[in-house]
Amino acid sequence: MNFSEVFKLSSQLCKFSPDGKYLASCVQYRLVVRDASSLQILQLYTCVDQIQHVEWSADSLFLLCAMYKRGLVQVWSLEQPEWHCRIDEGSAGLVASCWSPDGRHVLNTTEFHLRMTVWSLCTKSVSYIKYPKACQQGVSFSRDGRYLALAERRDCKDYVSIFVCSDWQLLRHFDTGTQDLAGIEWAPNGCVLAVWDTCLEYKVLLYSLDGRLLAAYCAYEWSLGVKAAAWSPSSQFLAVGSYDGKVRVLNHVTWKVLAELGHPAAVSDSRVVVYKEAEKSPRGSLGRPACPPHRAAESRYEVAEVPVSLQTLKPAADRANPKIGIGALAFSADSCFLATRNDNVPNAVWVWDVRKLRLFVVLEQLGPVRAFQWDPQQPRLAVCTGGSKVYLWSPAGCVSVQVPGEGDFQVLSLCWHSNGDSLALLGKDHFCLCFLETEDGGGSALGPPGSLT
Amino acid sequence: MGDWMTITDPGLSSESKNLSQYTSETKMSPSSLYSQQVLCSSIPLSKNVHSFFSAFCTEENIEQSISYLDQELTTFGFPSLYEESKGKETKRELNIVAVLNCMNELLILQRKNLLAQENVETQNLKLGSDMDHLQNCYAKLKEQLETSRREMIGLQERDRQLQCKNRNLHQLLKNEKDEVQKLQNIIASRATQYNHDMKRKEREYNKLKERLHQLVMNKKDKKIAMEVLNYVGRADGKRGSWRTGKSEARNEDEMYKILLNDYEYRQKQILMENAELKKVLQQMKKEMISLLSPQKQKPRERADDSTGTVISDVEEDPGELSRESMWDLSCETVREQLTNSIRKQWRILKSHVEKLDNQVSKVHLEGFNDEDVISRQDHEEETEKLELEIQQCKEMIKTQQQLLQQLATTCDDDTTSLLRDCYLLEEKERLKEEWSLFKEQKKNFEKERRSFTEAAIRLGLERKAFEEERASWLKQQFLNMTTFDHQNSENVRLFSAFSGSSDQDNLTAHSRPRQKPHGVSNGAPVCSSKFTKSLPASPSTSDFCHTRPCVSEHSSINVLNVTPEEAKPNRAGRECASQKWSVASRPGSQDGCCSGCSLTYTNSHVEKDDLP
């Protein structure tokens, strides 16, 4: 495992291009495009203001930089550096901007969600979509880029519109039986749309592409409901995490619950392996005087004896958005594993074996888990806790790696390269790349954590 | 007469006093001393009597006394003390005999009276004690009554209190319920109000939005614009198409096509899964039939009611099997047949497993008997063989010795011995060597023989162990297979109906090992072959050896079929990963790579996703 040097970064804006060749990062008002492997700067664009959002087009040819404060979007071309495009939303304001899947349209949401503007880079045509709903996850493109599902709110009722992305024609428009729709998400096969209601009510609805209601699911009533939902890459499962600290896995045939995965703070199943992060004793790091002094001690994982009780957080019951329930969940690329985080056990990541529908591994960190992401190629999970370490888990085991560098590099977020060979570690003001490929290195993958390229 | 009375009075009173004294004495005395006391007391009584008499009768008044006594006695019905006088004038004579008789009678009477008195007294005592006891009892019961009465009053009081409390609680509950109802109503009204307000607010918000929209958008805001250097081509290279009814229809078509594709894909997947499962079922059936076929002949002979159905099932099996294309048929037609036959087979198998179970236990019971017979047979055969060999060797040695002797004698006789001496010596040496060699051989044979007997014994033991192991393995195998038909309560019921026949099977199985050696020794091949054929246990080694790899092969094929593409890279990845990270590796992490059909779906789905 090798680490790149540390580069500057602002607002954690660092993205690999979809084709995996480039890496875009933002420093204040500058947009830097590097080669993803050599990290040499290929292009440097200057925007008019501090960039707040950056996004690659699907064909990796264009880059979109949004400056919400100014209501401005600037688009850059990688092929023609002199080409530029600037979209000004003027007094309407701007709160969100994204690419359409074809990479030739920019979708801007104005302030107060008055409307959505579809700007085309090919023609002068501009389309407007009225009444987009201001919610957690109101826009969802299908994986094949054909359809856009958009949550709308009209006359105090929730609607979903399905547009054909090729010509922005409305294909279907139907009202959902939700109180206050909170999110929509296409299944990866693009045939089923999952819709879930606000946290006040547990309600998951599944619509077919043609607007038919396939199924409605409600696990319980009179309590806080869905907090997060995720499709498995195979479209076979929909995992719904809720405020009661459980993940319910729905199947794609009957849309009934396959399993209820509880997240108790006490793990008692002897088949579950609990990896506990432990600070390394100072004796372990002897004989490396050249190593720069880290503020945080090195750590390693220990397999804990199985009746384990995890650290829990007592949530404040009188505040909004209490820190309870399953706030994050993700399937591995092969759909074999499901990683979840229970917000009132902030230090732990649960990894479930989807084939057996039971708990497989629990990682207990020393600090609260900030983010985790699966390797897009293999079942490998990267976790960060806001400390100077990055943690990797695979079925073979797990490891904690100190990010080298001067001072304290706090990994707040991370993102995988599309081939799974490298991992961008994003801190507050810096980022670095972690290369995992070890074809030539052989068994020295773990190596000394302080090795610099 | 009056004088006497006055005189007698004290005496009588003294007697009565005495009596009272006596009675008081007896009253006081314990019962054990009672008789003694009586004896003792009789003495002073006699004395008293004596003194009484002395007082009553003096020298002077004998006559009067006698007449008085006579009178008294006659009034009491005793015979007169006087002799019957002939004449009235003559003085009546005192009849001593009569006096004595009277005395005796009096004494007897006295004794009787005493006895009666005693009895009465004891009875009196008893009654007295009874009385006491009863009085005690009465007192106690009275007390009890009193206490229970008090208790009752207490309880009644408590009951009253509790009832009071209960009433209060009921009241409270009612109040609470009312409260809850009220609160619920309040909540509901609040909720409706909230919703109403929300709606109103939202409407207002929408109005404002609309207004804002008009204000912002319709003003022809010069700022709202896109500056672009030049328009770029579409990603697909085509020109944008106009939005027309045609395109709308095309979009619809496309959508339905996508949906159809998805459904078709899913249907195919399900069909594949079904076919796979059917195949598994079919194979299982075949295996079961092959496994159970030797067993079938027996029930057929017995022609039991329960097994009759089995036979018919078996007979229709080949017909079914010939239709290889049966999984192309729709489910309804095939499913029932298949599941039914499988169920039947399963029942047979279960009974068979039970039988095996019994056999195992029986083997445990019978212990070495069975094994001994077999091993001894082999053993004996082998020893016979060895002995034969030894015999042959011995004979050879003998003949050679004879030859040697002959040679020696001829040599002695011969004059040309000297000439041959060298030869002879050489030969002798050679023979000696041979001799020793033979001896060694013999020794070796002996050793071999010994080792062989040991080996034979060991073989017997091993065989027994193997038998046990096989039985347990089979049992386990079938128990493992039980999982797929668990819910079928009907099956269980029918199985219990089958258990009768299985018992019979057990009986025959019991009789088999005893019969088998007979058959062999008698040299009746028909009989023995019948036995071996009809019973699954005797040809089992070959049969099960045949089926075991079949099953395992099948399962492995299954696994491989399901996850061939997945398992390999996965494992490879894992190995590579384990190479990489050796910090904390999981002991049993490899086990997760094989699973059910869902994975094929997963994988193929992923592939499918990549296609468009």
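All values reported here derive from a predicted model rather than from experimental measurement.

Quick notes on the rules
Residues numbered from 1 in each chain as written. Chains lettered and ligands numbered in written order. Predicted model: local features only at pLDDT ≥ 70, side-chain atom pairs only at ≥ 80, totals over all residues. Heavy atoms only, no water. Helix = DSSP H or I, 4+ residues; strand = E, 2+ residues; numbered from the N terminus. Buried < 20%, exposed > 50% of the residue type's maximum accessible area, 1.4 Å probe, protein only. Contact = heavy atoms within 4.5 Å. Areas by Shrake-Rupley, 256 points an atom, 1.4 Å probe, with all protein chains shown as cover. Pairing = 2+ DSSP bridges. UniProt positions renumbered as here; feature names shortened; annotations may be inferred. Axes fitted to C-alpha atoms, helices over the stretch in contact; angles between N-to-C directions. Expected span 1.5 Å × (residues − 1). Core = buried A, V, L, I, M, F, W, Y, C linked by side-chain atoms within 4.5 Å. Phe/Tyr/Trp six-rings, centres within 6.5 Å; stacked < 30°, edge-to-face > 60°. Lys NZ or Arg CZ within 6 Å of the ring centre and 35° of its normal. Salt bridge = Lys/Arg side-chain N within 4 Å of Asp/Glu carboxyl O. Polar contact = N/O pair within 3.5 Å; in protein donor to acceptor, adjacent residues only side chain to side chain.

Q: Just to check I follow, could you spell out the overall build of chain A for this structure?
A: If you tally the helices and strands in chain A, you get zero helices and 41 strands. Taken over 453 residues, chain A has a buried fraction of 60%. For chain A, the share of sequence-separated contacts (at least 6 apart) that also reach a separation of at least 24 residues comes to 44%. Carbon and sulfur atoms provide 49% of the accessible area of chain A, an area that totals close to 17,500 Å².

Q: For this particular structure, what's the right way to read the pairing of strand β9 (residues 72–77) of chain A?
A: Consecutive side chains of a regular strand alternate in pointing toward one face of the sheet and then the other. All names here are of chain A. Buried residues dominate β9, accounting for six of its six residues. Where burial is concerned, the two faces of β9 agree: the one with Leu72, Gln74 and Trp76 and the one with Val73, Val75 and Ser77 are both buried. The pairing of strand β8 (residues 62–67) with β9 spans six bridges and is classified as antiparallel. Opposite Leu64, over in β9, you have Val75 as the bridge partner. The turn linking β8 back onto β9 is made up of four residues, and Gly71 within it adopts a positive phi angle of 65°.

Q: I keep staring at the UniProt feature "coiled-coil region" (unreviewed entry) in chain B and nothing clicks. Help me out?
A: Taking the UniProt record as the reference, the feature "coiled-coil region" (unreviewed entry) is found at residues 131–218 and 376–403 of chain B. Along residues 376–403 of chain B the backbone is 100% helical and 0% strand, and the end-to-end C-alpha distance reaches 40 Å.

Q: Quick question: what am I supposed to make of the sheet that holds strand β6 (residues 41–46) of chain A here?
A: Backbone hydrogen bonds are what pair the strands of a sheet, in a parallel or an antiparallel way. All names here are of chain A. Taken together, four strands build an open sheet; the order of strands is β3-β4-β5-β6 and the sheet is antiparallel. Of all the strands in the sheet, just β3 (14–16) and β6 have a single pairing partner and so form its edges. In this sheet, neighbouring strand axes are inclined to one another by 15° on average, regardless of whether the strands run parallel or antiparallel. Alignment of strand β5 (residues 30–35) against β6, held across five bridges, turns out to be antiparallel. Counterpart to Arg34 in the pairing with β6 is Ile41.

Q: Is there a simple way to explain helix α3 (residues 62–75) of chain B in this structure?
A: Given 3.6 residues to a turn, an α-helix orients residues that are three or four positions apart in the same direction. All names here are of chain B. Here α3 is 14 residues long and its end C-alpha atoms lie 19 Å apart, about the 20 Å a rise of 1.5 Å per residue gives. Within the span of α3, buried status applies to Ser65, Ile66, Tyr68, Asp70 and Leu73. Following α3 by one or two positions, Gly77 has its phi on the positive side, about 95°.

Q: Just checking my understanding: could you explain the pairing of strand β22 (residues 213–217) of chain A for this structure?
A: Residue and element names in this part refer to chain A. By the bridge criterion, four bridges tie strand β21 (residues 204–208) to β22 in an arrangement that is antiparallel. Bridging from a neighbouring strand, Val204 pairs with Tyr217 of β22. Once β21 ends, the chain turns through four residues before running back antiparallel as β22, passing Gly211 with a positive phi of about 90°.

Q: Which parts of the structure should I look at to understand the nonpolar core?
A: Considering soluble globular proteins, one finds that nonpolar side chains tend to be buried as a cluster. All names here are of chain A. Formed by 38 residues in total, the largest nonpolar core has its most connected members in Tyr147, Val160 and Leu206. Broken down by element, the residue count for this core peaks at five residues, all from strand β20 (residues 192–197). Non-local contacts of Val160, meaning those with residues more than four positions away in its chain, are made with Ala149, Leu150, Arg172, His173, Phe174, Thr176, Leu181, Ile184, Leu193 and Val195.

Q: I tried to follow the packing of aromatic side chains on my own but got confused; where do I start?
A: Two aromatic rings, taken as a pair, are described by how far apart their centres are and by the angle between their planes. Residue and element names in this part refer to chain A. Scanning the model with the defined rule gives 17 aromatic pairs over all chains in all. Here Tyr301 and Tyr391 contribute two aromatic rings whose centre-to-centre distance is 6.0 Å and whose plane-to-plane angle is 65°, an arrangement assigned as edge-to-face. Placement of the pair is Tyr301 in strand β29 (residues 299–304) and Tyr391 in strand β37 (residues 389–394), with a sequence separation of 90 residues. Here Tyr301 matches Tyr391 in class, with each residue buried. The structure contains a cluster of three or more aromatic residues connected by ring pairs, namely Phe337, Phe360, Trp374 and Trp393. The positively charged end of Arg30 is found above the aromatic ring belonging to Tyr29, 5.5 Å away from the centroid. The ring of Phe7 carries Arg34 above its face, with NZ or CZ at 3.9 Å from the centroid.

Q: Please clarify how the environment of A:Leu357 should be interpreted in this entry.
A: Residue and element names in this part refer to chain A. Within the fold, Leu357 resides in the loop between β33 (348–353) and β34 (358–364). Overall, Leu357 belongs to the partly exposed group, its relative accessible area being 26%. Taking the C-alpha atoms as reference, Leu357 lies 8.2 Å from Leu258; in sequence the two are 99 residues apart. If we skip the residues at most four places from it in the chain, Leu357 touches Leu258, Ala259 and Leu261.

Q: Just checking my understanding: could you explain the pattern of salt bridges for this structure?
A: Note on pairing: side chains with opposite charge can pair once their charged atoms come close. If you walk through the whole model with that rule in mind, you get 31 salt bridges over all chains. For B:Glu202, the salt bridge identified is with A:Arg153, shortest N-O distance 2.5 Å. Of the two residues, B:Glu202 sits in helix α4 (residues 96–217) while A:Arg153 sits in strand β16 (residues 147–154), which places them in two different chains. In this pair, the class of B:Glu202 matches that of A:Arg153, namely buried.

Q: Is there a simple way to explain unusual backbone geometry in this structure?
A: All names here are of chain A. A positive phi angle, close to 65°, is found at Ser235, a residue other than glycine. Its location among the elements puts Ser235 in the loop between β23 (226–231) and β24 (237–242). One non-glycine residue, Ser335, lies in positive phi territory at about 65°. Relative to the assigned elements, Ser335 resides in the loop between β31 (326–331) and β32 (337–342).

Q: Is there a simple way to explain the side chain of A:Asp343 in this structure?
A: All names here are of chain A. Among the structural elements, Asp343 can be located in the loop between β32 and β33. Owing to a relative accessible area of 10%, Asp343 belongs among the buried residues under this scheme. There is a polar contact of 3.1 Å between the side chain of Asp343 and the side chain of Arg341. Look past the residues within four positions of Asp343 in its chain and what remains in contact with it is Lys227, Leu313, Lys323, Ile324, Gly325 and Gly327.

Q: Where do I start with the side chain of A:Thr110 in this structure?
A: Take A:Thr110: it is sitting in the loop between β12 (105–109) and β13 (115–120). Of the residues examined, A:Thr110 reaches a relative accessible area of 0% and is grouped as buried. At a separation of 3.3 Å, a polar atom in the side chain of A:Thr110 contacts the main-chain amide nitrogen of A:Leu114. For A:Thr110, the contacting residues outside a window of four places in its chain are A:Glu89, A:Ala92, A:Gly93, A:Leu94, A:Val95, A:Arg115, A:Thr117 and B:Met217.

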